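Observations on the model geometry
Here's the letter readout for the chains.
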Amino acid sequence: VCCLFCVFLGMEKLIVCPYKRPNALCRLICFPWAGGGTSQLAQWGRLFSSSVEVSSVRFPGRESRVKEPFAKDMTTLVDDITSVLLKELQKKPFAFFGHSFGSYISFAVALHLKENYGLEPIHLFVSGAHAPTSEAFLHIKNTRLCDIDDEEVLKYIKILEGTPSELLQDEDIRKHLILTFREDFRVLQTFSFKKEGRRIPFSCDITCFNGTEDKSYDLEAWQDLTSGDTSFYKVPGGHFYLLEPSNEIFLTKHIIRCIENGAL
């Protein structure tokens, strides 16, 4: 009983699922962007059919986990997520959606599940992110955080337009957001994936989304990471195109179609 209670507490702490659908055919697990929380992606559940249960991963250091230390590296974060999700993911098909930083976390978790447990998502949806094997991703890894001051981080956050400006007026929120962004970026820099000498990691289909006004990403290299099909979609808007209601509807309809085709 104690063990089951611990698992329940772990799920409640790590997974946000406001629209529970225990009879769903498939689970869609969403992974938020750097500095982000669970509110937007968890709410996608209201747009999905009864065949899909949507939840969002809550990373340490924010929301109800604000008093927990941030993950020290990618391995720690992946282990934290996997230890809680594993039993649930063994029960029924699942798919992953990640945006920006969340795309890399979803890839790292999927890779860990495949290599250690033989589990694979039926579909991997990535958004606003370079392929982790690309030169562009290496540039991110090699950027020195200590050379970037808080004002530059804040300027970058404002350019992305993913945070309401009124929140940035609050000094405590602003400081915590900058800290969270830095910590997430640091975790990302500890992730290493080299494809040389390895099998193609996945057989599931991968869909890559990107905003038309966002910077260009090395998306093509995602197709080297699966033996399944890889699709590419440009959606109107900038880096946070997915927060636009019309784009939310497009994304969710497309994801439902892909999941239902894959889960049948």
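These notes cover the structure that comes with them. None of the values given here were measured: they were computed from a predicted structure.

Take the nonpolar core next. One broad trend across soluble globular proteins is that nonpolar side chains are buried collectively. Formed by 49 residues in total, the largest nonpolar core has its most connected members in Phe-31, Ile-81, Phe-96, Ile-105, Phe-107 and Trp-222. When residues of this core are assigned to their parent elements, the largest contribution, 9 residues, is made by helix H4 (residues 101–117). Setting aside residues up to four positions removed in sequence, Phe-96 forms contacts with Leu-28, Ile-29, Phe-31, Leu-89, Ser-106, Val-109, Ala-110, Leu-113, Pro-121, His-123, Leu-124 and Phe-125. By size, the runner-up hydrophobic cluster in this structure holds 22 residues, among which are Trp-33, Val-235, Phe-240 and Leu-242.

Under the defined criterion, the tally for this structure stands at 14 aromatic pairs. Cluster of aromatic residues (ring-pair linked, three or more members): Tyr-104, Phe-107, Phe-137, Phe-191, Phe-193, Phe-202 and Trp-222.

Where charged atoms of side chains with opposite charge meet at close range, the side chains can pair. One pass over the structure, following the stated rule, counts 13 salt bridges. Residue Glu-88 is joined to Lys-91 by a salt bridge in which the shortest nitrogen-to-oxygen separation is 3.1 Å. Judged by relative accessible area, which is 59%, Lys-91 ranks as exposed. Glu-120 serves as the salt-bridge partner of Lys-114, at 3.3 Å between the closest nitrogen and oxygen. Relative accessible area serves as the criterion here: at 18%, Glu-120 is assigned to the buried category. One continuous salt-bridge network, built from bridges that share partners, spans Lys-13, Arg-65, Glu-68 and Asp-80.

As a further point, take empty space enclosed by the protein. Rolling a probe over the atoms, with the probe sized like a water molecule, indicates the empty space that remains. Taken as a whole and judged by the stated rule, the model has 1 cavity of 30 Å³ or more. In this structure, the largest cavity is lined by Phe-59, Pro-60, Arg-62, Phe-70, Ala-71, Leu-77, Phe-101, Glu-183, Asp-184 and Val-187. Here the lining of the largest cavity takes 3 residues from helix H8 (residues 171–189), the largest share from any one element. Partitioning the lining of the largest cavity into residue classes produces 7 nonpolar, no polar and 3 charged.

Within the open sheet, the 7 strands sit side by side as S1-S3-S2-S4-S5-S6-S7. Their pairing is mixed. Looking at which strands have only one partner, the edges of the open sheet turn out to be strand S1 (15–16) and strand S7 (230–235). In terms of strand pairing, strand S5 (residues 123–127) meets strand S6 (residues 205–211) through 5 bridges, oriented parallel. Paired with Ser-127 across the bridge in S6 is Phe-209.

What follows is about the pairing of S6. Residues in a regular strand project their side chains so that they alternate between the two faces of the sheet. Counting buried positions over the 7 residues of S6 gives 6, a clear majority of the element. Direction of pairing for S6 relative to S7: parallel, over a ladder of 6 bridges. By the bridge assignment for S7, Ile-206 is matched with Thr-230.

This part takes up H8. Two residues of an α-helix separated by three or four positions point the same way, owing to the 3.6 residues in each turn. Taking 1.5 Å per residue as the helical rise, H8 with its 19 residues ought to reach 27 Å, and the 27 Å between its terminal C-alpha atoms agrees with that figure. Leu-177, Ile-178, Thr-180, Phe-181, Arg-182, Glu-183, Asp-184, Phe-185, Val-187, Leu-188 and Gln-189 are the residues of H8 that are buried.

Thresholds applied
Residues numbered from 1 in each chain as written. Predicted model: local features only at pLDDT ≥ 70, side-chain atom pairs only at ≥ 80, totals over all residues. Heavy atoms only, no water. Core = buried A, V, L, I, M, F, W, Y, C linked by side-chain atoms within 4.5 Å. Buried < 20%, exposed > 50% of the residue type's maximum accessible area, 1.4 Å probe, protein only. Helix = DSSP H or I, 4+ residues; strand = E, 2+ residues; numbered from the N terminus. Contact = heavy atoms within 4.5 Å. Phe/Tyr/Trp six-rings, centres within 6.5 Å; stacked < 30°, edge-to-face > 60°. Salt bridge = Lys/Arg side-chain N within 4 Å of Asp/Glu carboxyl O. 1 Å grid on protein atoms, 1.4 Å probe; cavity = no way out; pocket = protein on both sides within 12 Å on 5 of 7 lines; lining within 4 Å. Points joined across faces, edges and corners; volume = space filled by probe spheres on them. Nonpolar A, V, L, I, M, F, W, Y, C, P; charged D, E, K, R; others polar. Pairing = 2+ DSSP bridges. Expected span 1.5 Å × (residues − 1).

Functional significance is not addressed by these values, which are geometric in nature.
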